[in-house]
Amino acid sequence: MRRDDPLRVLCELNTSLYHWFDYVPKSTKVDSPIDDAIQSHTGVCQDFAHIMIALIRGLGVPARYVSGYLYHRSKDQDRSSQGASHAWVEALLPGLGWVGFDPTNNLLVGERHIRTAIGRDYADVPPTRGVFKGTVEGELSVGVRVVQSDYLPPLEEEMNVTEDWSTYLPPDQDLLQQQQQQQQQ
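Residues numbered from 1 in each chain as written. Predicted model: local features only at pLDDT ≥ 70, side-chain atom pairs only at ≥ 80, totals over all residues. Heavy atoms only, no water.

J.: Please set out helix 3 (residues 45-58) residue by residue, giving values where relevant.
T.: End to end, helix 3 covers 20 Å across 14 residues, agreeing with the expected 20 Å (1.5 Å per residue, within 8%). Among the residues of helix 3, those classed as buried are C45, Q46, D47, F48, A49, I51, M52, I53 and I56. (Helix = DSSP H or I, 4+ residues; strand = E, 2+ residues; numbered from the N terminus. Expected span 1.5 Å × (residues − 1). Buried < 20%, exposed > 50% of the residue type's maximum accessible area, 1.4 Å probe, protein only.)

J.: Which residues make up the sheet that holds strand 5 (residues 97-102), and what values do they have?
T.: Taking strand neighbours across the sheet as the criterion, the 5 strands line up as 6-5-4-3-7 in an open arrangement whose pairing is antiparallel. A strand with exactly one partner marks an edge of an open sheet, and here the two such strands are strand 6 (107-108) and strand 7 (113-119). Pairing of strand 3 (residues 63-70) with strand 7, which is carried by 6 bridges, proceeds in the antiparallel orientation. If you follow Y65 over to strand 7, its bridge partner there is G119. Across the face of the sheet, helix 3 comes into contact with strand 3, strand 4 (86-93) and strand 5 while running at roughly 15 degrees to strand 4. (Pairing = 2+ DSSP bridges. Contact = heavy atoms within 4.5 Å. Axes fitted to C-alpha atoms, helices over the stretch in contact; angles between N-to-C directions.)

J.: Please give an account of the side chain of S80 that cites residues and values.
T.: Assignment of secondary structure puts S80 in the loop between strand 3 and strand 4. Among the polar contacts made by the side chain of S80, one reaches the side chain of N105 at a distance of 3.2 Å. Sequence-distant contacts of S80, defined by excluding residues within four places in its chain, comprise Y23, L70, H72, H86, T104 and N105. (Polar contact = N/O pair within 3.5 Å; in protein donor to acceptor, adjacent residues only side chain to side chain.)

J.: I'd like to hear about the side chain of D47, residue by residue, with values.
T.: Note on placement: D47 falls in helix 3. Despite its burial, D47 pairs with no opposite charge; the closest candidate is R79, at 11 Å N-O. If we skip the residues at most four places from it in the chain, D47 touches T28, I34 and A37. (Lys, Arg positive; Asp, Glu negative; His and termini not counted. Salt bridge = Lys/Arg side-chain N within 4 Å of Asp/Glu carboxyl O.)

Have a look at this one:
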């Protein structure tokens with residue numbers, strides 16, 4: 001890095017990306033080449049993060065992709081979509097440790113950013129990954145609500161579950177008990 005203050009350089013880069021790109025929901029997909037966002041100057045938070053990570057690493061600074069959520073307040077001018085997952089960047093800076101940058105919203109990461117996963121890029125931290133065992137037909141439904149709270153509310157108070165979750169249990173209770181015993185070992 002050519003300047004003495006890497007934090008300032010990365011703050012300037014964060015701001016430059018914010019001004020250079022327009023945030024346009026659904027303008028790219030998770031598997032869209034980053035060139036699409038660069039050529040169109042549009043993208044979503046994932047694109048902003050991937051581009052910033054590439055530039056930071058090009059400067060010789062370690063950087064990582066962070067997935068999570070952003071708490072939106074009415075007084076803030078956030079470009080990212082409320083209720084949607086969000087992505088930003090963390091860079092390892094001498095004497096400061098990991099510092100978060102949100103180029104989508106031109107912010108340093110703070111108390112409104114809720115980290116759920118860290119990786120090299122989006123491919124390391126997709127919101128859903130795993131193996132599904134069940135009937136051939138299925139549908140995934142996810143609901144996330146981010147609210148400010150001074151205490152942890154009971155689940156029933158915040159997210160009412162409207163369906164009977166017991167239908168997802170295997171019909172063979174012996175199998176369920178075996179799985180639970182294996183997990184405890």
